[in-house]
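Examination of the molecular architecture
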Amino acid sequence: MMSDAVPTPFSGPPPTSGEEEAPLYVRIAGDYAERIREGALSPGDALPPERKIAEIYGVSRVTVRRALEQLVLEGLIEQRQGSGTYVSQRLQQPLSVLTSFTEDVRARGMTPNSQFLDRAIGIATPEEAIGLGLKPGQGVSRIARLRSADGIPLAIETAAVVLDALPDPTVVTDSLYDVLSSRGMRPVRAIQRLSAVALDKRNAELLDVPPGSPGLYMVRVGYDAGDRPIEYTRSFYRGDRWDFITELA
Ligand code: 16G
């Protein structure tokens, strides 16, 4: 759908006196970024043609082009040869900030959903026990979910959480991190390992892609404020829907 929902240019607050105004292209890119994050523009929506945006903002097409280049770099829009510019259908996970799936999806103006594949106390697998520093035979709360945004399946996550952080996994109905936060146990740092995989038949079916499709496999170990591992999560992400963004300084 073509979106003409362009409110007054530069709807953000005016710069306070003494503060330097950002270049025009940055302000236009910021305007669109805000509308995408608020959900006023949805994934797959077409942006107006360059010429129209230039008209709306009263700027040159060169300025518009720079703004669009900036949005492409941020992963918010995609330009398709000969067709136009669309709000990207890919999600982003910043690799330098400890965000939850719910937060990553909401940041794109989309609605997260989960289908529970498992939600029970179980014995830690050898891998989970090593990751969490548990003794063989100790229990964990295990939560396996197919995670979607606006009904589109995006990831399969299996989290094992130490029992004193989450004694009852059935209390998790939406966000695991919200539950851990309310108990003062949200991880404050994490280590992640990311690898490329071909999705096997079961995972591909759940994610609604052909078997063998490219995916990303991520293992996260989350630590509490006392630097004790409390969460060991394995996730399979659809390769065609995610960008993992790292900021370098
Ligand atoms: C993210 C985390 C996962 C965590 C989940 C909680 C990775 C790479 N990331 O997906 O460890 O358990 O968020 O999300 O595994 P929630 O609060 O929405 O349930």
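Keep in mind that this is a model prediction, so the values were computed, not measured. As a convention, each chain's residues are numbered from 1 in the sequence order in which they are written. Totals for whole chains, interfaces and linings use every residue, but because this is a predicted model, local features are given only for residues with pLDDT of at least 70 and side-chain atom pairs only at 80 or more, for both listing and counting. In computing side-chain properties, one takes all heavy atoms of the structure into account and sets aside hydrogens as well as water.

Numbering of helices and strands runs from the N terminus, with a helix taken as a DSSP run of H or I at least four residues long and a strand as a DSSP run of E at least two residues long. What the chain contains, in helices and strands, is seven helices and ten strands. With the C-alpha coordinates of the chain rotated into their principal frame, the extents come out at 65 × 50 × 30 Å. Remark: exposure states derive from per-residue accessible area (1.4 Å probe, protein chains only) relative to the maximum for the residue type, with buried under 20%, exposed over 50%, and partly exposed in between. Evaluated residue by residue, the chain yields a buried proportion of 44% over its 249 residues. By sequence separation, contacts in the chain at least 24 residues apart represent 60% of the contacts at least 6 residues apart. Each charge class in the chain can be summarised by its mean position, and for the 28 positive and 33 negative side chains these summaries are 3 Å apart. By the convention used here, residues are in contact when the closest approach between their heavy atoms is within 4.5 Å. Only four residue types enter the charge count: Lys and Arg as positive, Asp and Glu as negative, with His and the chain ends excluded. Lysine's charge is taken at NZ, arginine's at CZ, aspartate's at CG and glutamate's at CD.

What follows deals with the layout of surface pockets. Here a cavity denotes a set of grid points, spaced 1 Å apart and computed over the protein atoms alone, in which a 1.4 Å probe fits but from which it cannot get out, and a pocket denotes an open set meeting protein on both sides within 12 Å along at least five of seven lines; residues with an atom within 4 Å of a point are reported as lining. Grid points are joined across faces, edges and corners, and a volume is the space filled by probe spheres set on the points. There is about 370 Å³ of room inside the largest pocket. Residue assignment for the lining of the largest pocket shows that the elements contributing at least two residues are α3 (61-73) and β3 (91-94). Think of it as three bins: nonpolar holds Ala, Val, Leu, Ile, Met, Phe, Trp, Tyr, Cys and Pro, charged holds Asp, Glu, Lys and Arg, and polar takes everything else, Gly as well. Across the lining of the largest pocket, the residue classes tally to six nonpolar, four polar and five charged. Here the lining of the largest pocket spans two domains, since at least three of its residues come from each of domain 1 (24-87) and domain 2 (91-245). Each domain span listed reflects an automatic or database assignment of domains.

The next point concerns the packing of aromatic side chains. Each Phe, Tyr or Trp ring (for Trp, its six-membered ring) is paired with any other whose centre lies within 6.5 Å, and the angle between the two planes then decides the class: stacked below 30 degrees, edge-to-face above 60, tilted in between. In the structure shown here, the tally under the stated rule is six aromatic pairs. Ring plane angle 50° and centroid distance 6.4 Å describe the contact between Y32 and Y57, whose orientation is recorded as tilted. With a gap of 25 residues between them, Y32 in helix α1 (residues 24-38) and Y57 in helix α2 (residues 50-57) connect regions that are remote in the sequence. Both residues of the pair, Y32 and Y57, belong to the buried class. An angle of 80° between the planes, with centres 5.2 Å apart, marks the rings of Y237 and F244 as edge-to-face. F244 matches Y237 in its accessibility class, with the two residues each being buried. Directly above the ring of Y86 sits R80, whose terminal nitrogen or CZ lies 4.0 Å from the centroid. Only Lys NZ and Arg CZ are tested; either one counts as a charge over a ring when it is within 6 Å of the ring centre and within 35 degrees of the ring normal.

Distances are taken per atom, and a residue is near a molecule or strand as soon as one of its heavy atoms is within 4 Å of it. Neighbouring the ligand are 18 residues; T102, E157, S175, L176 and E231 lie closest to it. In the analysis that follows, any N or O atom pair within 3.5 Å is treated as a polar contact, provided that within protein one partner can donate a hydrogen and the other can accept it, and provided that, for residues neighboring in sequence, both atoms belong to side chains. A distance of 2.5 Å separates an oxygen atom of the ligand from a polar atom in the side chain of S175. At a separation of 3.2 Å, an oxygen atom of the ligand approaches a polar side-chain atom of S235. Protein contact buries 100% of the 450 Å² of open area that the ligand shows by itself. Only the protein chains shown count as cover for residues, and the accessible areas themselves come from Shrake-Rupley with a 1.4 Å probe.

A residue's pLDDT is the confidence the predictor assigns to it, expressed on a 0 to 100 scale. Taken over all residues, the pLDDT of the chain has a mean of 89, while the share at 70 or more is 92%. A low-confidence stretch, residues 1-7 stays under pLDDT 50, and its non-local contacts, those more than four residues away or across chains, total 19 contacts. In the predicted structure, residues 12-18 sits below a pLDDT of 50 and forms two contacts with residues beyond four places in sequence or in another chain.

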